[in-house]
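Each chain, written out:
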Amino acid sequence: MVDLSTEYMGLKLAHPIVPSASPISRELDKAKQLEDAGAPALVMHSLFEEEIQSEAEHFSRFLVEQGIGHAEANSFHPEPIEFKNELDNYLEQLQKLKQSLSIPIIASLNGISMDGWVEHGKELQAAGADALELNVYYIPTNIFESSQYVEDRYVELLTELRRHVSIPITMKLSSQFSSVAHMVKQLENAGANGVVLFNRFYQPDIDLETLHIKPRLEYSSSIESLLRIRWVAILYGQVKLSLAVTGGVHGGKEVVKALMAGADVAHVCSEILGKGPQRISQIRDELAAWLEEHEYESVQQIKGSVSYKNAIDAGYYERANYLSVLDSYTHAPGVWR
Amino acid sequence: MKKAHMITIDGNQAAASIAHLTNEVIAIYPITPASPMGEWADEWSSRGQPNLWGTVPHIIEMQSEAGAAGAIHGALQAGSLATTFTASQGLLLMIPNMYKIAGELTPTVFHIAARSLACQALSIFGDHSDVMSVRMTGFAMLSSNSPQEVQDMALIAQAATLESRIPLLHFFDGFRTSHELQKINEIDQDTIRAMLSQEAIQGHRQRALSPDHPVVRGTSQNPDVYFQGRESVNPFYEKMPSIVQTCMDRFAELTGRQYKLFEYLGDTNPERLIILMGSGAEATQETVEYLQSEGESVGMIKVRLYRPFDASALLDAIPASVKKIVVLDRTKEPGADGEPLYKDIVTALAQHCCSEANKFASMPVVMGGRYGLSSKEFTPGMIKSIFDELAKDKPKNHFTIGIHDDLSNTSLEWDKQFRTDANNEHFQAMFYGLGSDGTVSANKNSIKIIGEATDLYTQGYFVYDSKKSGAVTVSHLRFGPNPIRSTYLISDNDANFIACHQPVFLERYNMLDNAADEAVFLLNSSHAPDKVWDDLPKHMQEQIIAKRIKLYTIDAYTVAEQSGMGKRINTIMQTCFFAISGILPREDAIQAIKDAVEKTYGKKGQRIVDFNFKAIDAALGALHEVRIPDKATSKRLIPPPVPDNAPDFVKQVTGRIISGQGDDIPVSLMPFDGTYPTGTAAIEKRNLALEMPVWEMDLCTDCGKCPLVCPHAAIRSKIFPEELTQKAPSTFKHRTTRGKEFPAGTHIAYQVAPEDCTGCGLCVEICPIRDKSNASRKALNMAPQPALRASERDNWNFFLTLPEYDRILLKNTTIKGSMIMQPLFEFSGACVGCGETPYVKLASQLFGDRMLVANATGCSSIYGGNLPTTPWCKNADGRGPAWNNSLFEDNAEFGLGMRLAVEKQHEYACELLKELRPQLEDKLVDALLDGDESSEAGIAEQRARIEQLKQKLNKLSSPQANDLMQLADMLSRKSVWIIGGDGWAYDIGYGGVDHVLASGYNVNILVLDTEVYSNTGGQASKATPRGAVAKFATGGKACGKKDLALLAMEYENVYVAHVAYGAKDIQTLRAFHEAEAHDGPSLIIAYSPCIAHGVDLSFNHRQQEMAVKSGHWPLFRFDPTRIKQGKNPLHLDSAAPSMPYEDFIKTETRFSMLWRSHPDDADRFLKQAQNEVQHRYQYYKQLSEIEWDEQTKPSAAKLTTKINPQLENE
């Protein structure tokens, strides 16, 4: 029997296939199904800082400051005595998940500002989160904003949060850094316990009828996993923090590749959203079968085996592989056609 | 006696708190100024707050005050402790039940925020006209004069009614007391318990109707016994005054506050006496005390129990030394020889003086006077003047005080400069703000802070104007070491502190007229501190120098912007007030403001709290004192409120009202029957917009959508020959019309009225045309208004001089064509982005020159007919909508009456025409009788024929000819419109709407459906959708919206349309044309997004579109004339719901709030509502497809329709 167990930011997991942040965790039943399907941990849907903020502004406008200064009506909407905002709901859901599930729950924070991170991070820890995944969704649109500034911003945020939170923290990153490896190192230095590579952003799409922009997000495809695998491979051995691949993992083979590159876990999302929670156990079985077939003993054994550090042809993780991809469309020289 | 616990509340809250604690069933209906009592009660019950006995009172909103009174009558008869709150016409609607409740000796207290009655005009303000109209019902009447007394008397009333079995009307002055904020002693629950007789409550329960011990009540009686029965209650009424006094005494033992039925105050042996009741008694007490201190021998009596009228208690209270009495009534009884209180007191005195017990050397002279109608100011100067009048040999009787009656010479003059000691004792502060800038709420908060942090007594009173957009608020705050009895506004030279929160007021108001010597003036100005002085109008500079005023300035908008507060300046200005007024130590005050901010926003709004804190701290740094030069240097003058060339009436009346000088208008200038000229809103340039639309004529396709959607008719299109533009200002934009329907050389202009635009941006939002190279540039774009104001004002004035295009030549079935027509409804005071006014304006464009409008009370009557100015106007021919508002409940009937008059006069005119045929041309007579007025051309021709007829009639002199001359205009068609909101059409006026629909008469009913009572502040109506949170439906409305359209389709000949102009404008246009053309009743139900929906109205159109797409608001037209053509009358104009209902409702606070407060209910309502919209669409769809003959009715068809099988599975 192959040992599928893995360790992710100090969390001991039965296997490395972890559902990533998705709407599934909004519903207790579905989260339970994931656990029943063998998910070793669960990353919750994201708590969006902007959502909390805009909600507060919205209620300030329509409840607290609703007067128009008319003698007959100085308000139009009854102020609720008590209500739950997005944060309350999130914390409540986190508590419910903790109560009904026995697997570790990783809370997911999505935001860019200092205040939001720290305050909300503390509350998530207090509500029982086993770890935090920080999803920094920052698009630098200002041409005077340097990459250094952007990187510093990430590091400062993490540093500040690290000061207030003791549970493990992993950073979910975008691939759009000038130097991903250096960035990850900086985060490690600032106290990150892991990184998740990479974010899949909603992309703005132009509606050709209205000329309005509409945000779009579609299910991933396996091809997207390659970018992640490459960077995990590069990082493996150069940093000590945990590594996770997210984006494009749809089956056992991608998991194997991610592990070989050096990942501690491989996140799945589109696959379970599209095909159901049972895919977790199926992928786990695919992984086990592959390892067994290829006579591996454990996940631990395979981790990083084809990383940048250990690969036979490590150069392909660098720029060289760009050429090789192109080359693969032509026949090798010397072969008779 | 327990130690007092002080709270800061207003009169309404004080009454509601006692009512909620001492009752079990509360039936409510919104009416200003009593609505907040119902709102409080509803809020407390919805949050599970129990009454004195630990059970939560049941609150029910009824369809009208008549309904509320009926429900209370029933609840009382069935043994509950029950109450209600109302005012004005609402109280009048309760009269029939009040007779019954009193007749059956049923204990209850009705709490009344006393308000004027609608006579020559409606008024929401305070006087005793309403309560005086019910004094014959058998209810006892108890008056309160201040918020403290409201709380105390509410309890005394409750105790007394239970013990006496006589129902009791507890009243206090609307606004002056109901809305005045005061620091008062709170009554604790032990006191309340000690006040109420448990035995009396048990007695009430035992008398209840019950099948377990049945009796019958409410019999009908015959001449033999009715009279005796009526007299049988006398012993109860005889006992009542002593019961009330006993309760007052018991209350005094418990609280230390002693009240009397008639309470004398003043000199021990006065000669002159004033008797009155209500809030004016407070100002009178203040004045009497002052005059006494000045050595005058005067006194006063506060009347507390007015009914039953205890003459002996009154006589006991009047000192025997009194020689002259003035009785003041806050009501008017036209044609009577005195107002009610006066006559009661005269009678009591006369009876006393004729008796053996007479204590007077000679019967005192008694004069009656009227004061304070509709919250008219009642000041110490006026009270002094009354005493002075009494001192005369022959004082004036039946006088008025507070106005200048140069018509009947009833009024007394008074010294406006007269002040009592209180003026020096109090710190008096005034704040000028915009309704939307939070000035009032910040001030309410300041009062609480000061009330809690000090031993000072506090008072806050807030004056609003009648506009809903850009409303100006003036807050009057007083703080002092003694109880504040100054129930009047802070006036000239009295304010120690004045704050101007909006720089634009500098050009509108002489704020410093109110400033006392050495007052502090705080000005929010965008100018640097060393430039602020130059920006002040000259008159203000002179006042600052003369009164040695200290001037402070802050650029609050910049501070707000930089602190993340956007445009919210209220906490910043509040911080400045505390920083420089010196009322509290600065640090303490700042901390208190921060605490209040934290309490308001709590943990859930931490970010907002942070922004506020940042703003508070920044405010202190940005506050500067301005050095005052020795001389006034400004050339800036405050412009006149109306142009110099305005008609006399507008200058003398309208202009003075606009500039806040309405109090000075003498009686002789007032229209005696409430008639006013139309079209005056155009004079009142309010200049509200920060940004205004700018027309890009190269991009524009002349589609006409922008004038259609503009809520204020501030963007117009006009078509004219190019040659007329020769003298146009250089920046006036115009170009050749697009399309072929206009002759060569015809130009078009889209012009904005810069000082009438409110900056809502809806015109830009609806504009469908985009620059091919820049998607964000449209044919209309918003640009900062200040830079455009002057040039666009010139352009607008030029635009107005261009002639209107001939209506006959316009294709009015297109948006483009119809939007060239002149709106005869313009620049109303409606909210920025109002969803109602575009419909009203559209009707005025299409039919305004022949329209009579019956307008239900509500938003549309307020923005449509509130002084000073009216948006209804007329065209160059002098024709335009004629408008009137009868009441809330009777509008359909009112409009029907107009139709009947029009038809009768038309009929009589035709009869006269036939009679006069020999003297007139046959051809003309026939043409007039048979004139086809189905088109604009036909109408114009008929009008031309009427002119011909008039010329001929001029030469005739028979009585018939004279009559026909009078009625000739009635030979042309008239369009009767019955307009109102959903509160009217679905609830209080539904009976009338129903009857008018059934009548078959040719009227057009336009229901502006905001799905809530908008004007009174967002209470639920039967139009409120399931799951929407509204006042009186805090937990989300549990039942679905009434389908008014379907009910209307049940009748034989009713045209019905469901429209939403923001979703499909052409369908709205068609519906208006078809409705007006329909020879029978028409009902247009118009979806009207409202600020009460909790969504920014700049998304007005998006919300309409989503309402339609989600199935919430299907679009359709039901034209019964099609039945005769063998066609199905129902035409669906919107497709099957194409977006989840949830996606629509999640965008509006009224729905989305419920997910936060009651998530399970919200889910349940959503599921139900989603099914309902699907089913309704399916149902309508099937109705529109079945074969229809004249016998078919929707209810019959309903039996044949099936629920969508898909839905059955869900």
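Residues numbered from 1 in each chain as written. Chains lettered and ligands numbered in written order. Predicted model: local features only at pLDDT ≥ 70, side-chain atom pairs only at ≥ 80, totals over all residues. Heavy atoms only, no water.

Re the overall build of chain B
Thinking step 1. Scanning chain B from N- to C-terminus turns up 44 helices and 38 strands.
Thinking step 2. Taking 2.2 N^0.38 as the reference for a compact globule, 1210 residues should give roughly 33 Å; the C-alpha atoms of chain B span a radius of gyration of 32 Å, in line with that estimate.
Thinking step 3. Here chain B holds 1210 residues, and the buried ones make up 60% of them.
Thinking step 4. Summarising the internal contacts of chain B: among those between residues at least 6 apart in sequence, 76% fall at separations of at least 24. (Helix = DSSP H or I, 4+ residues; strand = E, 2+ residues; numbered from the N terminus. Rg over C-alpha atoms; globule rule 2.2 N^0.38 Å. Buried < 20%, exposed > 50% of the residue type's maximum accessible area, 1.4 Å probe, protein only. Contact = heavy atoms within 4.5 Å.)

Some points on the overall build of chain A
Thinking step 1. Helix and strand counts for chain A stand at twelve helices and twelve strands.
Thinking step 2. Seen along its three principal axes, the alpha-carbon backbone of chain A occupies a region of about 90 × 45 × 45 Å.
Thinking step 3. The proportion of buried residues among the 337 residues of chain A is 53%.
Thinking step 4. Here the contacts in chain A between residues at least 6 apart in sequence split such that 70% fall between residues at least 24 apart.
Thinking step 5. With an accessible surface of roughly 16,100 Å², chain A has 52% of that area assigned to carbon and sulfur atoms.
Thinking step 6. Computed over 29 positive and 46 negative side-chain charges, the inter-centroid distance for chain A is 5 Å. (Areas by Shrake-Rupley, 256 points an atom, 1.4 Å probe, with all protein chains shown as cover. Lys, Arg positive; Asp, Glu negative; His and termini not counted. Charge placed at Lys NZ, Arg CZ, Asp CG, Glu CD.)

Here's the deal with the interface of chain B and chain A
Thinking step 1. Listed per partner, the contact involves 51 residues of chain B and 40 residues of chain A.
Thinking step 2. For the chain B and chain A pair, buried surface summed over both sides reaches about 3,900 Å², with 58% attributable to carbon and sulfur atoms.
Thinking step 3. Looking at the side of chain B facing chain A, the largest losses of area belong to Lys604, Arg607 and Arg1156 of chain B, adding up to 20% of the total buried there.
Thinking step 4. Our count for the contact surface shared by chain B and chain A stands at five salt bridges.
Thinking step 5. In this structure, Glu65 of chain A and Arg568 of chain B form a salt bridge, with 3.1 Å as the shortest nitrogen-oxygen distance. (Buried area = accessible area lost by both parts, 1.4 Å probe. Salt bridge = Lys/Arg side-chain N within 4 Å of Asp/Glu carboxyl O.)

What to know about the packing of helix α30 (residues 891-915) of chain B against helix α33 (residues 959-967) of chain B
All names here are of chain B.
Thinking step 1. Interaxial distance between α30 and α33 falls to 9 Å at its minimum, and their mutual angle equals 140 degrees. Overall, the two elements α30 and α33 adopt an arrangement that is oblique. Relative to α33, α30 is oriented so that their crossing is left-handed. Counting all contacts with α30, which are made through Gln905, Tyr908, Ala909, Leu912, Leu913 and Glu915, the residues of α33 involved are Gln960, Asp963, Leu964 and Leu967.
Thinking step 2. Split by residue class, the contact of α30 with α33 holds six nonpolar, two polar and two charged. (Axes fitted to C-alpha atoms, helices over the stretch in contact; angles between N-to-C directions. Parallel < 35°, antiparallel > 145°, perpendicular 65-115°, else oblique. Left-handed = near helix turned anticlockwise from the far one by under 90°. Nonpolar A, V, L, I, M, F, W, Y, C, P; charged D, E, K, R; others polar.)

Digging into the pattern of salt bridges
Residue and element names in this part refer to chain B.
Thinking step 1. Per the stated rule, a full pass over the model turns up 92 salt bridges over all chains.
Thinking step 2. Residue Asp771 pairs with Arg777 through a salt bridge whose shortest N-O separation is 2.8 Å.
Thinking step 3. Taking the relative accessible area as the measure of exposure, Asp771 reaches 17% and is therefore buried.
Thinking step 4. Its relative accessible area of 22% is what places Arg777 among the partly exposed residues.
Thinking step 5. In this structure, the salt-bridge partner of Glu1074 is Arg1117, at a minimum N-O distance of 2.8 Å. Remark: Arg1117 occurs in strand β37 (residues 1116-1118) and Glu1074 occurs in helix α37 (residues 1065-1077); sequence separation between them is 43 residues.
Thinking step 6. It is possible to trace a salt-bridge network through shared partners that takes in Arg807, Asp849, Arg850, Glu936, Arg943, Arg973 and Glu1076.

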